[in-house]
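# Observations on the three-dimensional arrangement
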Amino acid sequence: LPRKPEWIAEADRIIEGWPTAGKPIMIYRPLCVRPEWIGSQVRNANVGQYREITDMLHEKYFIVSIADLEPGKEWIDGPVYPADLTFDRGEFVIEILASLMHRSDLVFTSGGFAAMLGPAVETPTISILGGYEPKEWCGDGAKFSPYLAIDPIKPCRCGSSGCKKQCDKALDMPAARAAITAFTSMTEGRTNVESP
């Protein structure tokens, strides 16, 4: 995804004010639900396991939660995560959001938009899947940046927001933790520097 210099400059200005204490930055996408598309809740990862993985990543990363919440229109599925910084009122236009993701060290999300935008802006991305789609459906992003998608033990392939089957979103947590540890070790120290 092309990024204009002025977008990157604005992202750098914003990040400069974040109290990261030298920790790498992780953009965190909370599990959200929207009433006009019931597929959002179907697609979301297992709430408890998503939280457990986020806690694991929080030991290493400065977590910045980004969403666009509005009562009755979009809300978080499960408890709100105590991120280091939270921007949950749609504070960033897409150009700046993309540039913030580009300048970050990791994007952590379930399925959906952030799972595609992270790799598109060349940032290592971890996507924890729930129902609706298997990991290979968004795997093309790996040609742009390291990408790790983790399926539930029983992956879903319905691709339908109207599916009536109750998905079992349970992950193999030991395998997920091992994969994430290997992925974050492999991508550690990567920086997105703009070419002239």
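The structure this text deals with has already been given above.
To keep things clear, this report deals only with the structure shown in the data block.

Conventions adopted
Chains are numbered independently. Their residues run from 1 in the order of the written sequence. Thresholds applied to this predicted model are a pLDDT of at least 70 for local features of residues and 80 or more for the giving and counting of side-chain atom pairs; totals over whole chains, interfaces and linings are not thresholded and use all residues. Calculated side-chain values reflect all of the structure's heavy atoms, with hydrogen atoms and water omitted. Helix and strand assignments follow DSSP, with helices taken as H or I runs no shorter than four residues and strands as E runs no shorter than two, numbered in order from the N terminus. Type-normalised accessible area, obtained with a 1.4 Å probe on protein chains alone, sets the label of each residue: buried when under 20%, exposed when over 50%, and partly exposed for intermediate values. Should any heavy atoms of two residues lie within 4.5 Å, those residues are considered in contact. The method behind every accessible area is Shrake-Rupley, applied with a 1.4 Å probe, and residues are considered shielded solely by the protein chains displayed. Counted charges follow a simple rule, with Lys and Arg positive, Asp and Glu negative, and His plus the chain ends left uncounted. By convention, the charge on Lys lies at NZ, on Arg at CZ, on Asp at CG and on Glu at CD. By the convention used here, strands pair only if DSSP detects at least 2 bridges between them. Lines are fitted to the C-alpha atoms to define the axes, a helix being fitted only along its stretch in contact, and any angle between axes, read from their N-to-C directions, falls within 0 to 180 degrees. Residues are said to line a cavity or pocket when one of their atoms sits within 4 Å of a point; the points come from a 1 Å grid over protein atoms alone, cavities being sets where a 1.4 Å probe fits but cannot get out and pockets being open sets with protein on both sides within 12 Å along at least five of seven lines. Grid points are joined across faces, edges and corners, and a volume is the space filled by probe spheres set on the points. Each residue gets one of three labels, nonpolar for Ala, Val, Leu, Ile, Met, Phe, Trp, Tyr, Cys and Pro, charged for Asp, Glu, Lys and Arg, and polar for the others, Gly among them. Geometry of aromatic contacts follows a simple scheme: Phe, Tyr and Trp rings, the Trp one being its six-membered ring, pair when their centres are within 6.5 Å, and the pair is stacked under 30 degrees between planes, edge-to-face over 60, tilted otherwise.

### Some remarks on the overall build of the chain
In terms of regular secondary structure, the chain is built from six helices and eight strands. Beginning at the N terminus, the succession of helices and strands in the chain can be written as α-β-β-α-α-β-β-β-α-β-α-β-β-α. Along the first, second and third principal axes, the C-alpha set of the chain runs to 50 × 40 × 30 Å. Going through the 196 residues of the chain one by one, you find that 50% of them count as buried. In the chain, once contacts between residues fewer than 6 apart in sequence are set aside, the share between residues at least 24 apart is 62%. When the accessible surface of the chain is split by element, carbon and sulfur atoms take 56% of a total near 9700 Å². Measuring between centres, the 21 positive side-chain charges of the chain sit 5 Å from its 26 negative side-chain charges.

### Points about the sheet that holds strand β3 (residues 62–66)
Strand order in the open sheet formed by six strands is β5-β3-β1-β6-β7-β8, with parallel pairing between adjacent strands. With partners counted over all chains shown, the strands left at the sheet margins are β5 (85–87) and β8 (147–150), one partner each. In this sheet, neighbouring strand axes are inclined to one another by 15° on average, regardless of whether the strands run parallel or antiparallel. As defined by bridge partners, strand β1 (residues 25–28) adjoins strand β6 (residues 106–109) across three bridges and the pair is classed as parallel. Counted as the bridge partner of M26 is L106 from β6. The sheet strands contacting helix α3 (residues 47–58) are β1, β3, β6 and β7 (125–128), and the helix crosses β6 at an angle near 160°.

### Section: the layout of surface pockets
Volume-wise, the largest pocket comes out at about 310 Å³. Taken together, 19 residues make up the lining of the largest pocket; nearest its centre are R29, C32, S40, E74 and G111. For the lining of the largest pocket, the elements supplying multiple residues, two or more each, are α2 (39–43) and α5 (113–120). By residue class, the composition of the lining of the largest pocket is seven nonpolar, six polar and six charged. Of the voids in this model, the second largest pocket is the one considered here, and its volume is about 230 Å³. As for the second largest pocket, its lining consists of 15 residues, and the residues nearest its centre are R29, I66, A67, L97 and F113. Mapped onto the lining of the second largest pocket, the elements with two or more residues apiece are β1, α4 (94–103) and α5. For the lining of the second largest pocket, a count of residues per class yields eleven nonpolar, one polar and three charged.

### A short note on the packing of aromatic side chains
Tallied over the full model, the rule gives six aromatic pairs. Each ring, one from Y28 and one from Y81, has its centre 5.6 Å from the other, and the planes form 45°; the classification is tilted. Of this pair, Y28 sits in strand β1 while Y81 sits in the loop between β4 (75–76) and β5, placing them 53 residues apart in sequence. Accessibility assignment for this pair places Y28 and Y81 in one class, buried. Ring plane angle 15° and centroid distance 6.3 Å describe the contact between Y28 and F108, whose orientation is recorded as stacked. Of this pair, Y28 sits in strand β1 while F108 sits in strand β6, and the two are 80 residues apart along the sequence. On the basis of relative accessible area, Y28 is assigned to the buried category, the value being 5%. Judged by relative accessible area, which is 0%, F108 ranks as buried.

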